[in-house]
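Chain by chain, the residues run as shown.
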Amino acid sequence: MSTVDIMPSPVLLWRFKVLLFFIWGFICCKVGWDSVMRMSADLRDLFLYEAFLYYNPLLLVTMMVWLWGVNLWVFAQSNVNYVKIFDLDQDHLTHREVWKCATWMTIIVPTSMTAYLYLYSHGEVSLAASQPVLLYIAVAMILIFPFDIFYLSSRYYLLRTLWRIVLPLQAISFSDFFLADILTSMAKVFSDLERSVCRMVHRQVATIAWFEADSVCGSHSVAIPLVLVLPYLFRLFQCLRQYKDTREKTALFNALKYSTAVPVIFLSALKYHVLPGSWTNFYRPLWLLSSVLNSLYSFYWDITRDWDLSCFTRIFKFNRPHLCSYLFHGRRWVYVWVIGSNLILRCTWTYKLSAHLRHNYLTVFAITVLEMLRRFQWAFFRVENEWNKMNSKSNIQLSEKDNTNEEAQSLISNDHNV
C-alpha cells in the first residue's frame, strides 16, 4: 500500500477536526460554568467582571481576525485585487491562513480563560493570576518574534503599518489609513487592554481592587479617555499629513470628522470629576450634542466619501456561481440594509466611547461587537471604491498615452508628407 492510500481523505480529516473543536468547546463551557457556580452569589458578579476585563479584548481581536478572513475571501472570489490595493508581497496571508490564525486564537484565549475561572474558584489565586499575564506575554512575544516563523513577513507588515500610523512622518498609503480606521472601531478594546495591563503591572490581578473606582486602574482613571481618543488622534494626524502632501481640502474635512470624537470622549469622562449638578445641567447636554454631531457627520462621510454608492456594487459579483453572489449582487435590499444599519450603529457608537456608561460591561461588549460588524461591512465597499478609483486612474493614463502616441504618429506622417 502506498502512503497516499493510508492517509485519510481531506473531508474526513476536516470533519474530525470540527468534532474535536466542538468537544473542546463543550469542555470549556462546562468547566467554566461549574467554576462560576462554585462562587458565592455576592462575589459572582465581581468574579465575572474581572475575568471579562482581561479576556474580552483578545476575544474581540479574535473576532476581528475571523471577519477579516471573510473580507479577504470575498475579495478573492470577486474581481477586486486587494493585493495591489494594499501593496502586499507574494508571501501575504490568504483568507485560509488568516482563518487558521483565528482558529488558534479561538482555542488559546478561551482555554486560558477557562483555566483562570477554574483555578480562581478552587482557591489557587496565584496560579489563576498568572493565566492572563502569561497569555498577554505570549501574544506580545509572537508579534515581535524576529525569526522566520509564524508568518514573519505578515507580522512585519502589520508592525510597520502600526508604526506608520503612530508616527505619520511619510506619505499616507491606503493600508495606513484603512488599518487606522479599523483601530477607531477598536477603541474600547484598547481601553480595556490598558486597564488589564495596568492591573498586571500593579499586581491587582485576581483581586477586587477594580471595585475601587478612584484607584490608579479604576473605572474613573484619566487613562481611560486618553486611550480611547488615541486612534482618532492618529487618524486626525494622518488627514493633516495627507493635506500637507496633496493640498486637497477633502482631507481637512475628514480631519474635522475625527476631531468631533474628542468632545464625546472627554465630556463623558468629566462626569466623575465635576459636581453632579454641573454634569446634569451643562456637560451632559454638551455631550449629547457632540454625540449627535459626530454620529451624523461620520454617517454622511461613510455614504458619500468612503463608499461610492452612485452605482450598484460589484463586490459580490463572484467569478464563479456562488450562493453569496446570488443573494447579494445587484440586490436593492443590500443597500437599504447597509445604509440603515450603518446609521443606527453610528449612533450607538457613542455608548461604547462614554466612560460614564462603562459599568454596563455586557451592553458595552455587545455594542462593540456590533461596531466591529459595521466595520466589517464597511470594508467591502471601502476597498471596492478604492479599486474603482485605481482602475479609473489607469484608464485615464492609458487614454492619455494613446492620445500621445496618435499625436506623435500624426506629426511623423505630416513631416513625411512635407
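Sequence order sets the numbering: in each chain, residues are counted from 1 along the sequence as written. In keeping with the model being predicted, local features are shown solely for residues with a pLDDT of at least 70 and side-chain atom pairs are shown and tallied solely at 80 or more, while totals for entire chains, interfaces and linings include all residues. Derived side-chain values reflect all non-hydrogen atoms in the structure, with water molecules and hydrogen atoms excluded from consideration.

**Q** Could you give an account of the overall build of the protein chain, with specific residues and numbers?
**A** From N to C terminus, the protein chain includes 16 helices and zero strands. We call a residue buried when its accessible area falls under 20% of the maximum for its residue type, exposed when it is over 50%, and partly exposed in between, using a 1.4 Å probe and counting protein chains only. In the protein chain, which comprises 418 residues, the share counted as buried stands at 42%. Contacts: residue pairs with any heavy atoms within 4.5 Å of one another. Across the protein chain, every contact between residues at least 6 apart in sequence was considered, and the portion connecting residues at least 24 apart equals 72%. Here the open area of atoms and residues is found with the Shrake-Rupley method and a 1.4 Å probe, where only the protein chains shown may cover a residue. By element, 68% of the accessible surface of the protein chain is carried by carbon and sulfur atoms, the whole surface being about 23500 Å². In this text, helices come from DSSP runs of H or I with a minimum length of four residues, and strands from runs of E with a minimum of two, each type numbered from the N-terminal end.

**Q** Requested: an account of the packing of helix α3 (residues 41-77) against helix α5 (residues 95-121), with residues and values cited.
**A** Orientation of α3 relative to α5, taken along the N-to-C sense of each, is 170°, at an axis distance of 8 Å. Considered as vectors, α3 and α5 are oriented roughly antiparallel to each other. Here the nonpolar group is Ala, Val, Leu, Ile, Met, Phe, Trp, Tyr, Cys and Pro; Asp, Glu, Lys and Arg are the charged ones; every other residue, Gly included, is treated as polar. Of the residues belonging to the contact of α3 with α5, the class tally is 23 nonpolar, six polar and one charged. Only the stretch in contact is used when a helix axis is fitted, and all axes are lines through C-alpha atoms; the angle between N-to-C directions ranges over 0 to 180 degrees. Roughly parallel here means an angle under 35 degrees, roughly antiparallel means over 145, roughly perpendicular means 65 to 115, and every remaining angle is called oblique.

**Q** Mind laying out the packing of helix α6 (residues 125-144) against helix α9 (residues 187-201), listing which residues take part and the relevant values?
**A** When two helices pack together, their arrangement is given by the angle between the helix axes and the distance between those axes. Running from N to C, α6 and α9 point in directions that differ by 120°, and their axes come no closer than 11 Å. Crossing of α6 against α9: the hand is left-handed. Where α6 approaches α9, its residues P132, V133 and Y136 are matched on the opposing element by L193, S196, V197 and M200. By residue class, the composition of the contact of α6 with α9 is six nonpolar, one polar and no charged. Each crossing gets its handedness from the near helix: less than a right angle anticlockwise from the far helix is left-handed, clockwise is right-handed.

**Q** Could you give an account of helix α10 (residues 223-246), naming the residues involved and the relevant values?
**A** Multiplying 1.5 Å by the residue count of a helix minus one yields the expected span of that helix. Across its 24 residues, α10 extends 35 Å between first and last C-alpha, which sits within 8% of the 34 Å expected from 1.5 Å per residue. In this analysis the local bend is the angle between axes fitted, respectively, to the seven residues ending at and the seven residues starting at the residue. If you look at α10, its biggest bend is around 35°, right at L230, and the proline P231 turns up within four residues after that. A positive backbone phi angle near 60° is found at R247, which sits one or two residues after α10.

**Q** Please set out a negative patch on the surface residue by residue, giving values where relevant.
**A** Like-charged residues within 9 Å of one another, or nonpolar side chains (Val, Leu, Ile, Met, Phe, Trp, Tyr) within 5 Å, are grouped into patches, provided each residue has over 30% relative accessible area and no salt bridge. When a carboxyl oxygen of Asp or Glu lies within 4 Å of a side-chain nitrogen of Lys or Arg, that pair is called a salt bridge. When charges are tallied, Lys and Arg are placed among the positive residues and Asp and Glu among the negative ones, while His and the ends of the chain are skipped. Where a charge lies is defined by one atom per residue type, namely NZ (Lys), CZ (Arg), CG (Asp) and CD (Glu). Together, D87, D89, D91 and D148 give the surface a local cluster of negative charge. Its location among the elements puts D91 in the loop between α4 (82-85) and α5.

**Q** Break down the packing of aromatic side chains for me, with residues and values.
**A** The relative placement of two aromatic rings is captured by the distance of their centres and the angle of their planes. Ring geometry is summarised as follows: Phe, Tyr and Trp rings, the Trp one being its six-membered ring, pair when their centres sit within 6.5 Å, and such pairs are stacked at plane angles under 30 degrees, edge-to-face over 60 and tilted between the two. Tallying each qualifying case throughout the model produces 22 aromatic pairs. Measuring from centroid to centroid gives 5.1 Å for F86 and F178, while their planes differ by 70°, and the two rings are edge-to-face. Of the two residues, F86 sits in the loop between α4 and α5 while F178 sits in helix α8 (residues 174-185), which places them 92 residues apart along the sequence. Residue classification places F86 among the buried positions, given a relative accessible area of 7%. In this structure an aromatic cluster arises from ring pairing among W68, F75, Y82, F86, F174, F177, F178, F376, W378 and F380. A ring has a charge above it when a Lys NZ or an Arg CZ is no more than 6 Å from the ring centre and no more than 35 degrees off the ring normal. Over the ring of W301 we find R305; its NZ or CZ atom is 5.6 Å from the centre of that ring. Over the face of the ring belonging to W378 we find R375, whose NZ or CZ atom lies 4.4 Å from the ring centre.

**Q** Please give an account of unusual backbone geometry that cites residues and values.
**A** One non-glycine residue, D87, lies in the positive phi region at around 55°. Along the polypeptide, D87 turns up in the loop between α4 and α5. At R247, a position not held by glycine, the phi torsion is positive, near 60°. With respect to the element layout, R247 can be found in the loop between α10 and α11 (249-259).

**Q** An account of the environment of L143 is requested, with residue identities and associated values reported.
**A** Along the chain, L143 falls in helix α6. Taking the C-alpha atoms as reference points, L143 and R155, 12 residues apart in sequence, are found 6.2 Å from one another. Setting aside residues up to four positions removed in sequence, L143 forms contacts with R155, L158 and L159.

**Q** Outline a nonpolar patch on the surface, supporting the account with residue identities and numerical values.
**A** Taken together, the side chains of I137, V139, M141, L143, I144, L158 and L159 present a nonpolar region at the surface, about 560 Å² in accessible area. Put simply, the parts of the chain that give the nonpolar patch at least two residues each are α6 and α7 (152-166). In terms of residues, the nonpolar patch owes the most to one element, α6, which gives five residues. Relative to the assigned elements, I144 resides in helix α6.

**Q** Please set out the nonpolar core residue by residue, giving values where relevant.
**A** Buried residues of nine kinds, namely Ala, Val, Leu, Ile, Met, Phe, Trp, Tyr and Cys, make up a nonpolar core once their side-chain atoms join them within 4.5 Å. Counting 35 residues, the largest nonpolar core has F75, I85, F86, F174, F178, M372 and V383 as its most contacted members. Elements supplying a minimum of two residues to this core: α3, α4, α8, α13 (276-306), α15 (332-353) and α16 (361-417). Per-element tally for this core: the top contributor is α16, with nine residues. Here I85 is in contact with V80, F174, V383, E386, W387 and M390, once residues within four sequence places are set aside. Judged by nonpolar contacts, the second largest core, of 20 residues, contains L117, Y120, A128 and A129.

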